[in-house]
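# Structural description and commentary
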Amino acid sequence: MKATITHVLATAAIIAMPTFCVAQTENPRGVYKLTSLIDKEGLTIQAPFDQYKICTDSVTLMFSVQDDHFMLDKNDSQVFNYTGEEPDANNATATRIFDSNAEHFTLKWWSTYQSHLYFPHNDWCTEFYESGKYSVNAKAILDALMSPNDSHPQNPFIGTWRFIGMMDELRDVKKQLNALRKDAQEGMDIGHLIFTHSHAIMYSKSARGGSIEYAGYKGKKKILMSNLQHKNIREQNFIWLSKDCFAMEIHLEGYRTDYQIWERVPDSTPLFNHIASQYVVH
């Protein structure tokens, strides 16, 4: 059974969810959506971005979605713990977190942006976050990233896959898999692809984000894929090299066919945990 975002956050090793309480002095933990902010004119406006803070005991990450693409990055240098609204005695412009519990928190940070549409210059920006709220696209992406990696007996595509290399032909490819794995492990960029029952989510470490598409399965060798507006529908062909490894056909320049080689991630740890761990300072 697919775990929910709340379940994953409660069980993931690097995330500790607090118990619900009425206090407004809790450390925010979990996923919180930006719902409104006070702009540079002093007006409270609805959130102009589909933006989230993912707050853990080890790191705070920012997740944002725009159309079919998303970013997942460390924009905040500190773990979000309750500070109160009063200025820090040692740093007057230090970020503040207050009115905080498992349901919401307020973030106040010093903005040095110049000529930003919403943020002031050399003044405070105040943002309001709430848990349990997601856009449709954000929920689909976070469900995939945060759910335990698992296979499905009726659909061999379901699960998380790791990119290990490109081939211009598949002759003797099985003999080259070990070399591909070694090169991928030593390389700076490790791409991942998650197939769910309805979507394909691509994540790139170097891009610090990725994209989401619809996926409709046609047997075990073809997937109909399209953007979220159901445009640009294409039939994606696959060649299975083993039950845990496939080659995805990539058509280049209208006539040439290359192959992306993908290998199943064997452990059940959610991909989000691996992503978050790279930002944790040990």
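Located above this text is the structure these notes cover.
Residues numbered from 1 in each chain as written. Predicted model: local features only at pLDDT ≥ 70, side-chain atom pairs only at ≥ 80, totals over all residues. Heavy atoms only, no water.

### Some details on the pairing of strand β13 (residues 222-226)
Going by this rule: At least two DSSP bridges between two strands are required for those strands to pair. A run of H or I in DSSP counts as a helix once it spans at least four residues, and a run of E counts as a strand once it spans at least two, with each numbered from the N terminus.
Here 5 bridges tie strand β12 (residues 209-218) to β13, and the two strands are oriented antiparallel to one another. Bridge pairing links Tyr-217 to Ile-223 in β13. Adjacent in sequence and paired antiparallel, β12 and β13 are bridged by 3 residues, among which Gly-219 carries a positive phi angle near 75°. Pairing of β13 with strand β14 (residues 234-242), which is carried by 4 bridges, proceeds in the antiparallel orientation. Within β14, the residue paired with Ile-223 across the bridge is Gln-236.

### A few points about the nonpolar core
Condition: Think of a nonpolar core as a cluster: buried Ala, Val, Leu, Ile, Met, Phe, Trp, Tyr and Cys residues, connected wherever their side-chain atoms sit within 4.5 Å. Summary of the burial criterion: residues with accessible area below 20% of their type's maximum are buried, those above 50% are exposed, and those between are partly exposed, where the area comes from a 1.4 Å probe applied to protein chains only. Whether two residues touch is decided by their heavy atoms; if any such pair falls within 4.5 Å, the residues are in contact.
Ile-54, Leu-61, Phe-63, Phe-70, Leu-72, Leu-145 and Phe-272 are the most contacted members of the largest nonpolar core, which totals 27 residues. Listed by contribution, the elements that provide at least two residues to this core are β3 (50-55), β4 (60-66), β5 (69-73), α2 (136-146), β11 (199-204) and α4 (271-277). Apart from the residues within four sequence positions on either side, Leu-61 is in contact with Tyr-52, Lys-53, Ile-54, Leu-72, Asp-73, Lys-74, Phe-272, Ala-276 and Tyr-279. Listed in part, the 13 residues of the second largest apolar core include Phe-157, Leu-193, Phe-195 and Ala-215.

### Quick look at empty space enclosed by the protein
What counts is decided by this rule: Points on a 1 Å grid, built from protein atoms alone, make a cavity when a 1.4 Å probe fits but cannot get out and make a pocket when they are open with protein on both sides within 12 Å along at least 5 of 7 lines; residues with an atom within 4 Å of a point are the lining residues. Grid points are joined across faces, edges and corners, and a volume is the space filled by probe spheres set on the points. Basically, the charged four are Asp, Glu, Lys and Arg, the nonpolar ten are Ala, Val, Leu, Ile, Met, Phe, Trp, Tyr, Cys and Pro, and anything else, Gly included, counts as polar.
Going through the model one piece at a time under the given rule, you end up with 1 cavity of 30 Å³ or more. Empty space within the largest cavity amounts to approximately 40 Å³. As for the largest cavity, its lining consists of Asn-149, Thr-160, His-192, Val-265, Thr-269, Pro-270, Leu-271 and His-274. Partitioned by chemical class, the residues of the lining of the largest cavity number 3 nonpolar, 5 polar and no charged.

### Thoughts on the pattern of salt bridges
So the rule is basically this: We define a salt bridge as a side-chain nitrogen of Lys or Arg found within 4 Å of a carboxyl oxygen belonging to Asp or Glu.
Counted according to the given criterion, the structure contains 15 salt bridges. Close ionic contact of Asp-76 with Lys-53 constitutes a salt bridge, the shortest N to O distance being 2.6 Å. On the criterion of sequence distance, the pair formed by Asp-76 in the loop between β5 and β6 (96-98) and Lys-53 in strand β3 is long-range, its members being 23 residues apart. Classification of Asp-76 by relative accessible area gives buried; the value is 15%.

### Looking at the side chain of Asp-68
Inspection of the secondary structure assignment puts Asp-68 in the loop between β4 and β5. Each residue touching Asp-68, except ones within four places of it in the same chain, is listed here: Gly-210, Ser-211, Ile-212, Asn-227, Leu-228 and Gln-229.

### A word on unusual backbone geometry
For residues other than glycine, phi is negative in most cases, and the peptide bonds are mostly trans. Notably, Asp-99 is not glycine yet its phi reads approximately 45°, a positive angle. Secondary-structure assignment places Asp-99 in the loop between β6 and β7 (104-112). Residues other than glycine seldom take positive phi values, yet Asn-232 does so here, at roughly 55°. When you line up the elements, Asn-232 lands in the loop between β13 and β14.

### What to know about the environment of Lys-174
Along the chain, Lys-174 turns up in the loop between β9 (159-167) and α3 (177-186). When its relative accessible area of 56% is taken as the criterion, Lys-174 is described as exposed.

### Structural notes on the pairing of strand β16 (residues 256-264)
Counting buried positions along β16 yields 7 of 9 residues, so the element is predominantly enclosed. The sheet contact formed by β9 and β16 spans 6 bridges and is antiparallel. In the strand pairing of β16, Phe-163 is matched with Trp-262. As paired elements, strand β15 (residues 245-252) and β16 share 8 bridges and run antiparallel to each other. Opposite Cys-245, over in β16, you have Glu-263 as the bridge partner.

### A word on α2
Among the 11 residues in α2, 8 count as buried, and that is most of the element. Buried within α2 are the following residues: Ala-138, Ala-140, Ile-141, Leu-142, Asp-143, Ala-144, Leu-145 and Met-146.

### Some remarks on the packing of aromatic side chains
As a reminder, the rule being used: Pairing of aromatic rings covers Phe, Tyr and the six-membered ring of Trp, with a centre-to-centre limit of 6.5 Å; geometry is then stacked below 30 degrees between planes, edge-to-face above 60, and tilted otherwise.
Counted by the stated rule, this structure contains 25 aromatic pairs. Where Phe-80 meets Phe-105, the ring centres are 5.9 Å apart and the plane angle is 80°; that geometry is what we call edge-to-face. One end of the pair, Phe-80, is in the loop between β5 and β6; the other, Phe-105, is in strand β7, with 25 residues separating them in the sequence. You'll find Phe-80 and Phe-105 in the same group, each marked buried. Judged by centre distance (6.2 Å) and plane angle (80°), the rings of Trp-109 and Tyr-113 are edge-to-face. The exposure class of Tyr-113 is partly exposed, given its relative accessible area of 43%.

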